[in-house]
Amino acid sequence: DFTLVFRHLAGERKSLLRQFQDHPSVEEWLDQWEALSPDRDLMRKTNPIYIPRNHRIEEVIEAGKKGDFSLFHEMHEVLGKPFEERPEFSKYEEPPNSDEEVKATFCGT
C-alpha cells in the first residue's frame, strides 16, 4: 500500500516495518535510505494519512442507499484534513481486510 508506506516512511522505523513481512530486507534498504537524510517533515506534508479508500467509499454508498448519510459526513470531515493525524479516524487509514476488499470500482472513486 503506497500511501501507508510513504506516510510511515516519514515516521518511526518500527511503524514502517509493520507494513512489511520481510523485515531484514526492508531494514537493509531503510539503512541506506536513512543515510540520505530524508526530509521527514516535507514527507509528512506531502503524503496524506487519509485517502478515499474503496472499501470506505463502498460503506458510504451502502449506508447512503439506506438513507444514512452519517458516514458520508464523517468521510467528508476526514478527507477535509487528510494530513492531520486524528486518532478518532484511524479506521480511515487502514487498508481493507480480506472481507472488505472491493472487487469493482467506478470512475471517479
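Procedures and definitions
Residues numbered from 1 in each chain as written. Predicted model: local features only at pLDDT ≥ 70, side-chain atom pairs only at ≥ 80, totals over all residues. Heavy atoms only, no water. Core = buried A, V, L, I, M, F, W, Y, C linked by side-chain atoms within 4.5 Å. Buried < 20%, exposed > 50% of the residue type's maximum accessible area, 1.4 Å probe, protein only. Helix = DSSP H or I, 4+ residues; strand = E, 2+ residues; numbered from the N terminus. Contact = heavy atoms within 4.5 Å. Polar contact = N/O pair within 3.5 Å; in protein donor to acceptor, adjacent residues only side chain to side chain. Expected span 1.5 Å × (residues − 1). Salt bridge = Lys/Arg side-chain N within 4 Å of Asp/Glu carboxyl O. Phe/Tyr/Trp six-rings, centres within 6.5 Å; stacked < 30°, edge-to-face > 60°. pLDDT = per-residue confidence, 0-100.

By size, the foremost hydrophobic cluster in this structure holds eight residues: I49, Y50, I57, V60, M75, V78, F89 and Y92. Sorting the residues of this core by element identifies α5 (54–65) and α6 (70–80) as the ones contributing at least two each. Non-local contacts of M75, meaning those with residues more than four positions away in its chain, are made with R56, I57, V60 and Y92. By size, the runner-up hydrophobic cluster in this structure holds seven residues, among which are V5, A10, L16 and L30.

A separate point is the side chain of S15. Examined against the element boundaries, S15 turns out to sit in helix α2 (residues 13–17). Note on S15: relative accessible area 12%, which makes it buried. In terms of polar contacts, S15 uses its side chain to reach the side chain of H8, at 2.3 Å.

Our next topic: α5. An α-helical turn contains 3.6 residues, so a residue and the one three or four places further along point in the same direction. Helix length check: α5, at 12 residues, gives a terminal C-alpha distance of 16 Å against a target of 16 Å (1.5 Å per residue), a fit within 8%. By the burial criterion, the buried members of α5 are H55, R56, I57, V60 and A63. Contact partners of the buried residues in α5: α6. A positive backbone phi angle near 90° is found at G67, which sits one or two residues after α5.

Following the criterion strictly, the structure yields nine salt bridges and no others. Two residues, D31 and R13, come together in a salt bridge whose shortest N-O distance is 2.7 Å. Placement of the pair is D31 in helix α3 (residues 23–34) and R13 in helix α2, with a sequence separation of 18 residues. We note a salt bridge from E74 to K91, for which the minimum N-O separation is 3.6 Å. Of this pair, E74 sits in helix α6 while K91 sits in the segment after α6, and the two are 17 residues apart along the sequence.

For the coordinates displayed, the defined rule picks out three aromatic pairs. Residues F89 and Y92 carry aromatic rings whose centres are separated by 6.3 Å and whose planes lie at 75° to one another, so their mutual orientation is edge-to-face. Each member of the pair, F89 together with Y92, is buried.

What follows concerns the confidence of the model for the protein chain. Scored by pLDDT, the protein chain has a mean of 91; 96% of the residues are at 70 or more. The least confident element of the protein chain, judged by mean pLDDT, is helix α1 (residues 2–9) at 90; the most confident is α6 at 97.

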